[in-house]
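# Close look at the chain arrangement
What follows is the residue order along each chain.
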Amino acid sequence: MSHTLGVRQAQKWKTRRALLDAALELLEEQSLSSLGLREVTRAVRVAPTAFYRHFRSIEDLGVALVEEALGGLHPMIRTIVSTTGDGEERVARAVGLIAGHVDAHPAHVRFIARERHGGVRAVREAIRDQLALFAAEVAEALAEDPVSAGWGEEDLAMLAQLYVDQMLVTASALLEAPAREAGRERVVRMAERRMRLIGIGRAHWLDGGVGGGG
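Here we summarise the structure given alongside this text. The numbers attached to residues start from 1 for each chain and follow its sequence in the written order. Thresholds applied to this predicted model are a pLDDT of at least 70 for local features of residues and 80 or more for the giving and counting of side-chain atom pairs; totals over whole chains, interfaces and linings are not thresholded and use all residues. Processing note: side-chain calculations cover all non-hydrogen atoms of the structure and skip hydrogens and water entirely.

### Quick look at the nonpolar core
What counts, and what does not: The set of buried Ala, Val, Leu, Ile, Met, Phe, Trp, Tyr and Cys residues whose side-chain atoms join them within 4.5 Å is what this entry labels a nonpolar core. Throughout this description, buried means an accessible area under 20% of the type-specific maximum (1.4 Å probe, protein chains only), exposed means over 50%, and partly exposed covers the range between. A helix here means a DSSP run of H or I that spans at least four residues, while a strand means a run of E at least two residues long, and both kinds are numbered starting from the N terminus.
In terms of nonpolar packing, the biggest core is built from 62 residues, with Leu65, Val66, Leu70, Phe111, Val123, Val138 and Tyr163 touching the most fellow members. Ranked by the residues each element gives to this core, the list is headed by helix α9 (residues 153-176), at 10 residues.

Encoded structure:
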């Protein structure tokens with residue numbers, strides 16, 4: 001009996017995985033709001049009724065893709081903000097981590113970039129919630145850094161959001177970068193300059209009472 005249950009569970013997981021993969025592939029060329037349930041099940045070669053054993057709707061599948069695309073990024077985000085070394089090393093390592101993720105998961109990155117402001121509310125909210133978690137984690141890490149001494153909560157939250165937004169901008173830019181090496185290097189160089197600019201602003205934010213809100 002246990003063996004039979006195990007086989008069924010494995011098959012169920014395999015079908016769910018196939019539905020997610022098929023949807024992600026189809027979403028390379030269209031938005032989630034235009035994706036049809038039958039289109040996904042046809043790609044997996046299962047009956048439309050089989051879809052409902054795994055997801056309540058296409059929107060539900062989209063939320064699962066968000067969790068898959070962003071849920072596993074929390075360790076990388078923590079690594080980026082806790083990286084040691086001088087400013088140049090930290091910036092280069094951060095951009096390198098983002099570039100590596102884009103190279104490994106281009107379809108997930110494209111999905112998030114497109115659906116962040118897309119037409120499916122549940123998915124937009126799921127992305128927003130994940131990004132809010134990222135920002136909270138970054139703010140918590142920044143608060144422990146000696147450079148942040150004297151910073152108020154509002155300013156730390158603002159800085160954290162700047163970093164998260166820049167990570168997203170960098171990922172999207174790398175995704176759309178020309179295939180030739182020079183085009184990618186230009187994107188990386190610009191991303192590093194922007195990160196350095198944020199770092200310079202951070203280092204001098206409290207000079208002369210400019211910041212310190214919260």
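Next comes the rest of the write-up.
### Structural notes on a positive patch on the surface
Convention followed: Within the patch definition used here, like charges are joined within 9 Å and nonpolar side chains (Val, Leu, Ile, Met, Phe, Trp, Tyr) within 5 Å, considering only residues with over 30% relative accessible area and no salt bridge. Surface accessibility follows the Shrake-Rupley procedure with a 1.4 Å probe radius. Residue values consider only the protein chains on display as shielding. Throughout this description, the term salt bridge denotes a Lys or Arg side-chain nitrogen within 4 Å of a carboxyl oxygen of Asp or Glu. Charge counting treats Lys and Arg as positive and Asp and Glu as negative, with His and both chain ends excluded. Taken as the charge location is NZ of Lys, CZ of Arg, CG of Asp or CD of Glu.
The grouping of Arg180, Arg186, Arg189 and Arg193 at the surface amounts to a positive patch. You can see Arg193 is positioned in helix α10 (residues 181-203). What makes Arg193 exposed here is its relative accessible area of 51%.

### Looking at the pattern of salt bridges
A full pass over the atoms with the stated rule returns 11 salt bridges. Between Arg17 and Asp21 there is a salt bridge, with the nearest N and O atoms lying 2.9 Å from each other. Residue Arg17 and its partner Asp21 are located together in helix α1 (residues 2-26), separated by 4 residues, close to a single helical turn. For Asp21, a relative accessible area of 38% translates into the label partly exposed. One salt bridge in this structure joins Arg90 and Asp145, with 3.9 Å as the shortest N-O distance.

### Remarks on unusual backbone geometry
The backbone phi angle of Arg45 is positive, close to 65°, even though this residue is not glycine. Within the secondary structure, Arg45 sits in the loop between α2 (37-44) and α3 (48-51).

### Thoughts on the packing of aromatic side chains
We apply this condition: Aromatic contacts are taken between Phe, Tyr and Trp rings whose centres are within 6.5 Å, Trp giving its six-membered ring; a plane angle under 30 degrees counts as stacked, one over 60 as edge-to-face, and the others as tilted.
Applying the stated criterion across every chain yields a total of 3 aromatic pairs. With a centroid separation of 5.7 Å and an interplanar angle of 85°, the aromatic rings of Phe51 and Tyr52 are classed as edge-to-face. Summarising the aromatic geometry, the rings of Trp151 and Trp205 are spaced 6.4 Å apart at their centres and angled 35° between planes, so their arrangement reads as tilted. Of this pair, Trp151 sits in the loop between α8 (121-143) and α9 while Trp205 sits in the segment after α10, and the two are 54 residues apart along the sequence. Residue Trp151 is classed as buried on the basis of its relative accessible area of 11%. By relative accessible area, Trp205 is classed as partly exposed at 26%. Taken together, the ring pairs connect Phe51, Tyr52 and Phe55 into an aromatic cluster.

### As for the layout of surface pockets
As a reminder of what qualifies: Lining residues are defined by having an atom within 4 Å of a point belonging to a cavity or pocket. Those points lie on a 1 Å grid over the protein atoms alone, cavities being sets where a 1.4 Å probe fits but cannot get out and pockets being open sets with protein on both sides within 12 Å along at least five of seven lines. Grid points are joined across faces, edges and corners, and a volume is the space filled by probe spheres set on the points. Think of it as three bins: nonpolar holds Ala, Val, Leu, Ile, Met, Phe, Trp, Tyr, Cys and Pro, charged holds Asp, Glu, Lys and Arg, and polar takes everything else, Gly as well.
Size it by volume and the largest pocket reaches roughly 410 Å³. Along its surface, the largest pocket is lined by 20 residues, and Arg90, Val91, Tyr163, Gly199 and Arg202 are the ones closest to its centre. With 6 residues, the top contributor of residues to the lining of the largest pocket is α10. Classifying every residue of the lining of the largest pocket by side-chain character gives 11 nonpolar, 3 polar and 6 charged. Roughly 340 Å³ of volume is contained in the second largest pocket. In this structure, the second largest pocket is lined by 22 residues; those nearest its centre are Leu70, Leu73, Met167, Leu168 and Ala171. Elements with a contribution of two residues or more to the lining of the second largest pocket: α4 (58-70), α5 (74-82), α6 (87-104), α7 (106-115), α8 and α9. Looking at the lining of the second largest pocket residue by residue, the classes come out as 17 nonpolar, 3 polar and 2 charged.

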